[in-house]
Amino acid sequence: MGEEILRVENLKTYFFTEAGVVKAVDGVSFSVYEGEPLGIVGETGSGKTVTSLSIMRIVPPPGKIISGRIIYRGEDLLEKSEDEMRKIRGKKIAIVFQDPNSSLDPLFTVESQLNEVIMAHLKVTKQEARNRALELLKMVRIPDPEARLKAYPHELSGGMRQRVAIARALANEPDILIADEPTTNLDVTIQAQIIELLKELQSKLKMTLIMITHDMGLVAETTKRVVVLYAGSVAEIAPTNEIFKSMRHPYTAALLKAVPRIDRRKELKPIPGSIPNLIDPPSGCRFHPRCPYVIQRCIEEVPELEFTDQRAVACHRWKELSLKGE
Amino acid sequence: METSNKKLAKKRRSASQLAVVWRRFRRNKAAIAGLVLVGFVVFMAVFGSFFAPFPPRSFPCLYKGCTSLPPFQDWSHPLGTEPSGIDVYSEILQSARNDLYVGLAATLISVAIGLGIGVASGYSSGVSGALLLGITQVFLVLPVLVLILLFSRILVLLVAQGFGLTIIVLILGIFGWPGIAYITRGETLRLKEAEFIQATKALGASKSRILFRHIMPNILSPVIVIATLTVAANILTEAAISFLGFGDPNTSTWGQMLNDGFSWLNYWWISFFPGIMIVFSTLGFNLLGDGLSEALNPRLKE
């Protein structure tokens, strides 16, 4: 494992809506190590995307980062000015969004969208930027890259668009690439190709990859370590190969039971109940209304994230439970 | 064969959005009619003075002793003359330039103000955005025509000194922007949430770059449409102002001619021909605007 490159400490990002304060991210902490592929997994509304937007400091209003620290190479990103932040976005930390159909500006060609990122951070001539753009398209395996440079987004397929989005994120060889559900809006066959590409690029460029997803299969395939989020806080952090064998948080176990697996013929068990209302979250452990192992203490006391060897878990009873995924 | 196919494909691609818009526009007969009418008015504005036998606001017939000649009788005055001796045909030709100037210049001012305020109020959340929206709403409920009449009366000295049209252009421009601001604000609010704007931000683009390079170009098509319609509205309002006698009597516009003919209603040709021109030009710009709106609307893909 490399050096710690990014550390999120007790991050709180709230949305101040008319209905009340939505605590989308409420005390999330985790570390990312250089060169590692890390997964962040959770249901819709667990705070995955908001966490990634908070790292980039592009949380849209009415959202606001309330407190916490985001330490990138020893410096707190939350204390940077907007100008300093702009130099980090797209240069040091880049992000690939969920929907390639809407993450590219429909009015500009692939070339000008790539040039825009390159020239935002480097002083290069148009010709140099063009060469770099061409190189990037080759890197993400776009066939006939010269012709594609002139193409508009609507002339490309979904998979191609996502490749362009990835190329754009990689344009300045960022330290950290955040991929926010990069395959959700793609066909299954294209999903596999994009995942292959990300894996390959990750190992080739020794890039730190933060893979945000709700898909446990994707986590298993692409990551070495995984952070499980539930209702805006961390439930469990563990190496990926261990979590499938021995999960410590009941939520992780429930999550894995809800995933189809080809090697086990078992009925899928959906998690009972639904994700809690984040304006007025449950007391104590946020998972307690849906947890089969709930005791009085879970309702009264918020469990701390306990670190032991490579893992961390936020559950009062993790030591006494022996959970199985299947 | 292979290469020619590739070439063809390339050609199709370079046939950009503009070509697509033109193809859709061309199929719309009303839009083409609008384009022809606007083209006719523009042609008159540019070349009208070459075809006009007499200079504007001159009284050639008066010197010959003839007054209020009906049309189609004396071919040196094909559309007749006003009682004051003004040649209707020359006057109409030379008014086109002034009418078009008022329509276009006032629209340009309105678009500049409306676009700026609309985008700014849509993009900035919080107090400044709300304030700009409030200003827009105040301007939206002002009775524009009454204000214009008021101002042209206040500035009557300037109007009489030959600044008449410029004053009208300024007033029309300054009061004509709220509708444009409303539309651009709505579009900006929609685009601000779009993923590609977020993505651009996440790649390190500055606020001004997002505004000018990504938001403004993406709201251009509704702005083009409303600007075209505003040109028609401005020509019409100018005609109303001049007809009511608040214009500059020394500058020829179609509205001014209506005013000339107002006191001589039995000499129908004095008002009829400029009236037709007002109808043609405003109808033309309206049809053109509607056609553009249809052609530029991405929801109506073929």
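Residues numbered from 1 in each chain as written. Chains lettered and ligands numbered in written order. Predicted model: local features only at pLDDT ≥ 70, side-chain atom pairs only at ≥ 80, totals over all residues. Heavy atoms only, no water.

*Asks:* Explanation requested: the overall build of chain A in the structure shown.
*Replies:* Secondary structure assignment for chain A yields 11 helices and 12 strands. Radius of gyration (C-alpha) of chain A: 20 Å, near the 20 Å computed for a compact globule of 326 residues. Summarising its shape, the C-alpha atoms of chain A cover approximately 65 × 50 × 40 Å along the three principal directions. Out of the 326 residues belonging to chain A, those deemed buried represent 54%. Long-range contacts, defined as pairs at least 24 residues apart, comprise 66% of the intrachain contacts of chain A with a sequence gap of at least 6. Accessible area for chain A stands at about 14,700 Å²; split by element, carbon and sulfur atoms hold 51% of it. When the 45 basic and 44 acidic side-chain charges of chain A are each reduced to a single mean position, those positions are 2 Å apart. (Helix = DSSP H or I, 4+ residues; strand = E, 2+ residues; numbered from the N terminus. Rg over C-alpha atoms; globule rule 2.2 N^0.38 Å. Buried < 20%, exposed > 50% of the residue type's maximum accessible area, 1.4 Å probe, protein only. Contact = heavy atoms within 4.5 Å. Areas by Shrake-Rupley, 256 points an atom, 1.4 Å probe, with all protein chains shown as cover. Lys, Arg positive; Asp, Glu negative; His and termini not counted. Charge placed at Lys NZ, Arg CZ, Asp CG, Glu CD.)

*Asks:* Could you clarify how one ought to interpret the nonpolar core in this entry?
*Replies:* It is characteristic of soluble globular proteins that their nonpolar side chains tend to be buried jointly. Residues and elements named next belong to chain A. Membership of the largest hydrophobic core comes to 39 residues, with the highest contact counts inside it found for Leu 137, Ile 166, Leu 170, Leu 177 and Leu 201. Secondary-structure elements contributing two or more residues to this core are strand 6 (93-96), helix 3 (110-121), helix 4 (126-139), helix 6 (158-170), strand 7 (176-180), helix 7 (188-205) and strand 8 (208-213). With seven residues, helix 6 is the largest single contributor of residues to this core. Leaving out residues up to four positions away in the same chain, Leu 201 has contacts with Met 139, Val 140, Ile 166, Leu 170, Lys 206 and Met 207. Residues Val 8, Phe 30, Leu 53 and Met 85 belong to the second largest nonpolar core, which totals 37 residues. (Core = buried A, V, L, I, M, F, W, Y, C linked by side-chain atoms within 4.5 Å.)

*Asks:* I'm lost on the sheet that holds strand 3 (residues 37-41) of chain A in this one. Help?
*Replies:* Picture the strands of a sheet paired through backbone hydrogen bonds; they go either parallel or antiparallel. Residues and elements named next belong to chain A. In space, the eight strands of this open sheet follow the order 6-7-8-3-9-10-12-11, with mixed pairing throughout. Looking at which strands have only one partner, the edges of the open sheet turn out to be strand 6 and strand 11 (306-308). Taking each pair of neighbouring strands and ignoring which way they run, the sheet shows an average axis angle of 20 degrees. When strand 11 meets strand 12 (residues 311-313), the two strands line up antiparallel, connected through three bridges. (Pairing = 2+ DSSP bridges. Axes fitted to C-alpha atoms, helices over the stretch in contact; angles between N-to-C directions.)

*Asks:* Just to check I follow, could you spell out the sheet that holds strand 4 (residues 63-72) of chain A for this structure?
*Replies:* All names here are of chain A. With antiparallel pairing, four strands are arranged side by side in an open sheet as 2-1-4-5. The open sheet has two edge strands with one neighbour each: strand 2 (20-33) and strand 5 (75-76). Sheet topology note: the strand 1 (residues 4-17)/strand 2 ladder contains 10 bridges and is antiparallel. Across the sheet, residue Phe 16 finds its bridge partner in strand 2, namely Val 21. The strands touched by helix 1 (residues 48-56) within the sheet are strand 1, strand 2 and strand 4, with strand 1 carrying the most contacts at an inclination of about 110 degrees.

*Asks:* Would you mind showing me how to read unusual backbone geometry here?
*Replies:* Across residues other than glycine, the phi torsion is negative in most instances, and most of the peptide bonds are trans. All names here are of chain A. Cis rather than trans, the peptide bond between Pro 61 and Pro 62 has omega equal to 10 degrees. In the Ramachandran plot, Glu 173 falls in the positive-phi region, its phi being about 45 degrees despite a non-glycine side chain. By the secondary structure assignment, Glu 173 is in the loop between helix 6 and strand 7. The exposed category is assigned to Glu 173, whose relative accessible area is 57%.

*Asks:* When you look at the environment of Glu111(A) in this model, what are you seeing that I'm missing?
*Replies:* All names here are of chain A. For Glu 111, the location among the structural elements is in helix 3. Apart from the residues within four sequence positions on either side, Glu 111 is in contact with Arg 130, Leu 149 and Lys 150. At a separation of 2.9 Å, a polar atom in the side chain of Glu 111 contacts the side chain of Lys 150. (Polar contact = N/O pair within 3.5 Å; in protein donor to acceptor, adjacent residues only side chain to side chain.)

*Asks:* Would you take a moment to explain empty space enclosed by the protein for this structure?
*Replies:* Residue and element names in this part refer to chain A. Taken as a whole, this structure holds four cavities of 30 Å³ or more when the rule is applied. Approximately 80 Å³ is the volume attributed to the largest cavity. Every residue along the wall of the largest cavity is listed here: His 249, Pro 250, Cys 285, His 288, Cys 291, Tyr 293, Val 294, Cys 298, Cys 315, His 316, Arg 317 and Leu 321. (1 Å grid on protein atoms, 1.4 Å probe; cavity = no way out; pocket = protein on both sides within 12 Å on 5 of 7 lines; lining within 4 Å. Points joined across faces, edges and corners; volume = space filled by probe spheres on them.)

*Asks:* What is the right way to read the interface of chain B and chain A from this model?
*Replies:* Interface extent is often summarised as the accessible area lost during association of the parts. Each partner contributes to the interface: chain B provides 19 residues, whereas chain A provides 31 residues. The contact between chain B and chain A buries some 2,300 Å² in all, and 56% of this surface belongs to carbon and sulfur atoms. Here Glu116(A) and Arg209(B) are joined by a salt bridge, their closest N and O atoms 2.6 Å apart. Counting across the chain B and chain A interface gives eight residue pairs in polar contact (both at pLDDT 80 or more). In terms of residue count, the dominant contributor to the side of chain B that touches chain A is helix 10 (residues 195-202) of chain B (seven residues). Of the residues assigned to the side of chain B that touches chain A, the class counts are six nonpolar, eight polar and five charged. (Buried area = accessible area lost by both parts, 1.4 Å probe. Salt bridge = Lys/Arg side-chain N within 4 Å of Asp/Glu carboxyl O. Nonpolar A, V, L, I, M, F, W, Y, C, P; charged D, E, K, R; others polar.)

*Asks:* Just checking my understanding: could you explain the pattern of salt bridges for this structure?
*Replies:* Any two side chains of opposite charge can pair, on the condition that their charged atoms come close. Scanning the model with the defined rule gives 23 salt bridges over all chains in all. Among the charged side chains, a network of salt bridges with common partners joins Glu4(A), Arg7(A), Glu9(A) and Arg69(A).

*Asks:* It is not clear to me how the packing of helix 12 (residues 220-243) of chain B against helix 14 (residues 269-296) of chain B should be interpreted in this structure. Could you clarify?
*Replies:* The axes of two packed helices give the description: the angle between them and the distance between them. Residue and element names in this part refer to chain B. Two elements in contact, helix 12 and helix 14, have axes separated by 8 Å at closest approach and are oriented at 170 degrees. One way to sum up the angle between helix 12 and helix 14 is to call them roughly antiparallel. Here helix 12 contributes Ser 221, Ile 224, Val 225, Thr 228, Leu 229, Val 231, Ala 232, Ile 235, Leu 236 and Ala 239 to the contact with helix 14, which in turn contributes Ile 278, Ser 281, Thr 282, Phe 285, Asn 286, Leu 288, Gly 289, Asp 290, Leu 292, Ser 293 and Leu 296. Split into classes, the residues belonging to the contact of helix 12 with helix 14 amount to 13 nonpolar, seven polar and one charged. (Parallel < 35°, antiparallel > 145°, perpendicular 65-115°, else oblique.)

*Asks:* Where do I start with a nonpolar patch on the surface in this structure?
*Replies:* All names here are of chain B. A surface patch of nonpolar side chains, amounting to about 620 Å² of accessible area, comprises Phe 40, Trp 268, Phe 272, Ile 276, Val 279, Phe 280 and Leu 283. Here the nonpolar patch gets five residues from one element, more than from any other, and that element is helix 14. Topologically, Phe 272 is positioned in helix 14. (Patch = residues over 30% accessible without salt bridge, like charges linked within 9 Å, V, L, I, M, F, W, Y side chains within 5 Å.)

*Asks:* What am I meant to see in the confidence of the model for chain B here?
*Replies:* Interpreting fine coordinate detail is not advised for predicted regions of low pLDDT. Residue and element names in this part refer to chain B. This prediction gives chain B a mean pLDDT of 83; 89% of its residues lie at or above 70. Mean pLDDT values for the elements of chain B range from 47 in helix 1 (residues 2-14) up to 91 in helix 5 (residues 88-123). This stretch, residues 1-14, has a pLDDT under 50; its non-local contacts, to residues over four places away or in other chains, come to four contacts. The complex model carries a pTM of 0.76, and its ipTM stands at 0.77. (pLDDT = per-residue confidence, 0-100.)

*Asks:* Looking at this model, I keep getting lost on helix 10 of chain B. Mind explaining?
*Replies:* Because the α-helix completes a turn every 3.6 residues, residues three or four places apart line up on one side. The buried fraction of helix 10 of chain B is high, at seven of eight residues. All of the buried residues along helix 10 of chain B are Glu195(B), Phe196(B), Ile197(B), Gln198(B), Ala199(B), Thr200(B) and Ala202(B).

*Asks:* Teacher, can you tell me more about the packing of helix 5 of chain B against helix 11 (residues 207-218) of chain B here?
*Replies:* Residue and element names in this part refer to chain B. Relative to each other, helix 5 and helix 11 sit at 115 degrees, their axes nearing to 12 Å. Our pair here, helix 5 against helix 11, has a crossing hand that is right-handed. Residue-level inspection shows Leu 115, Val 119 and Tyr 123 of helix 5 in contact with helix 11, the latter providing Lys 207, Ile 210, Leu 211, Ile 215 and Met 216. Of the residues that constitute the contact of helix 5 with helix 11, the class distribution is seven nonpolar, no polar and one charged. (Left-handed = near helix turned anticlockwise from the far one by under 90°.)

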